[in-house]
Amino acid sequence: MSLESLMDFYTKSDIENSFRRVDELLGCGIFDLVQSKNPLMRSALTEILILVRDLMEKSKIYATPVEFVDDVNITDKVQNVSEAIKFVRDAICHVDSENRNHDECKARLSYNVAYGKCNLAKIGDVEIKSDYEDDVCYFFGNQKLYIRRHVIKAYEEAKSKLLPAVQA
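Below is a short write-up of the structure. (Residues numbered from 1 in each chain as written. Predicted model: local features only at pLDDT ≥ 70, side-chain atom pairs only at ≥ 80, totals over all residues. Heavy atoms only, no water.)

**A word on helix H4 (residues 81–93)**
So the rule is basically this: Secondary structure elements are taken from DSSP: a helix is a run of H or I of four residues or more, a strand is a run of E of two residues or more, and numbering for both begins at the N terminus. In a helix, the anticipated span is given by 1.5 Å times the number of residues less one. Each residue is placed in one exposure class: buried if its accessible area under a 1.4 Å probe, protein chains only, is under 20% of its type's maximum, exposed if it is over 50%, and partly exposed if it falls in between. Any pair of N or O atoms that falls within 3.5 Å is considered a polar contact. Within protein, one atom must be able to donate a hydrogen and the other to accept it, and sequence-neighbouring residues count only if both atoms are side-chain atoms.
A rise of 1.5 Å per residue sets the reference length of H4, with its 13 residues, at 18 Å; its end C-alpha atoms lie 18 Å apart and thus fit the reference within 8%. Of all 13 residues in H4, 10 are buried; the element is thus mostly enclosed. All buried positions along H4 are accounted for by Val-81, Ser-82, Ala-84, Ile-85, Phe-87, Val-88, Arg-89, Asp-90, Ala-91 and Ile-92. Two or three places before Ser-82, at the opening of H4, Asn-80 has a side-chain oxygen 3.0 Å from that residue's backbone nitrogen.

**Some thoughts on the packing of helix H2 (residues 9–27) against helix H5 (residues 147–167)**
Where we set the bar: With axes taken as lines fitted to C-alpha atoms, and helix axes fitted only over the stretch in contact, angles between N-to-C directions fall between 0 and 180 degrees. Throughout this description, any angle smaller than 35 degrees is read as roughly parallel, any larger than 145 degrees as roughly antiparallel, any in the 65 to 115 degree range as roughly perpendicular, and the remainder as oblique. In this scheme, a crossing is called left-handed if the near helix is turned counterclockwise away from the far one by less than a right angle; it is called right-handed if the turn is clockwise. What makes two residues a contact is simply this: any of their non-hydrogen atoms within 4.5 Å. Any residue that is not Ala, Val, Leu, Ile, Met, Phe, Trp, Tyr, Cys, Pro, Asp, Glu, Lys or Arg is counted as polar, Gly included; the first ten are nonpolar and the last four charged.
Interaxial distance between H2 and H5 falls to 11 Å at its minimum, and their mutual angle equals 150 degrees. Between H2 and H5, the crossing angle belongs to the class labelled roughly antiparallel. When you trace H2 past H5, the crossing you get is left-handed. Together, Lys-12, Ile-15, Glu-16, Phe-19, Val-22, Asp-23 and Leu-26 of H2 and Ile-152, Tyr-155, Lys-159, Leu-162, Leu-163, Ala-165 and Val-166 of H5 make up the contact between the two elements. Broken down by class, the residue content of the contact of H2 with H5 amounts to 10 nonpolar, no polar and four charged.

**As for unusual backbone geometry**
Even without being a glycine, Asp-71 presents a positive backbone phi close to 60 degrees. Position of Asp-71 relative to the elements: it lies in the loop between helix H3 (41–62) and H4. The class for Asp-71 is partly exposed, based on a relative accessible area of 31%. Even without glycine at this site, Tyr-111 takes up a positive phi of about 60 degrees. As for its placement among the helices and strands, Tyr-111 is situated in the loop between strand E2 (107–108) and strand E3 (112–115). Of the residues examined, Tyr-111 reaches a relative accessible area of 13% and is grouped as buried.

**Description of the sheet that holds strand E7 (residues 143–146)**
Rule in force here: Between any two strands, pairing holds if DSSP finds at least two bridges.
One open sheet accounts for three strands, arranged E3-E6-E7; its pairing is antiparallel. Of all the strands in the sheet, just E3 and E7 have a single pairing partner and so form its edges. Looking at each pair of strands side by side, their axes are set apart by 25 degrees on average, direction ignored. Sheet analysis places E3 next to strand E6 (residues 136–140), joined by four bridges and oriented antiparallel. Residue pairing across strands places Asn-112 opposite Phe-139, the latter belonging to E6. Along the sheet, H4 makes contact with E6 and E7, crossing E7 at roughly 105 degrees. The sheet strands contacting H5 are E6 and E7, and the helix crosses E7 at an angle near 70 degrees.

**Regarding the environment of Met-41**
Position of Met-41 among the secondary structure elements: in helix H3. Given the relative accessible area of 7%, Met-41 is considered buried. In this structure, the C-alpha to C-alpha distance between Met-41 and Tyr-111, residues 70 residues apart in sequence, is 9.9 Å. Once residues lying within four places of it in the same chain are set aside, the contact partners of Met-41 are Ile-30, Phe-31, Gln-35 and Tyr-138.

Here it is as structure tokens:
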């Protein structure tokens, strides 16, 4: 019996609804520079990370894990993109989370955002910076999460792995 056949109607429906909602959020422009002052940007980031994290977990169960490491800050807590997204999701959902603490510079970072390549801050010897002109980068604790390079790429990978099971 294949794992696809173990996916029930409710799980398939949840996955399809998540696909639609993530596509809506990514398509609405909320993560563009012109929306940087939009009070709903944090809500959109929170929702998209909750949904993408859930899709990655379902991909791990019903297909294969999403585990790329490109541009991921590897630490004891974070070994790949799935763990980076979970780390930031936990920091967002739990205001008192230690995931908001940057270990190296002893600062508390949450919802700091860089549009394009820039040095956002320098705290002691630690630079908080985005490395890419074509991406949006969010900083939480000692992790940085790029919208294109991490969130969208992880979402697209999870979606491609889950689609065969959902359509079965």
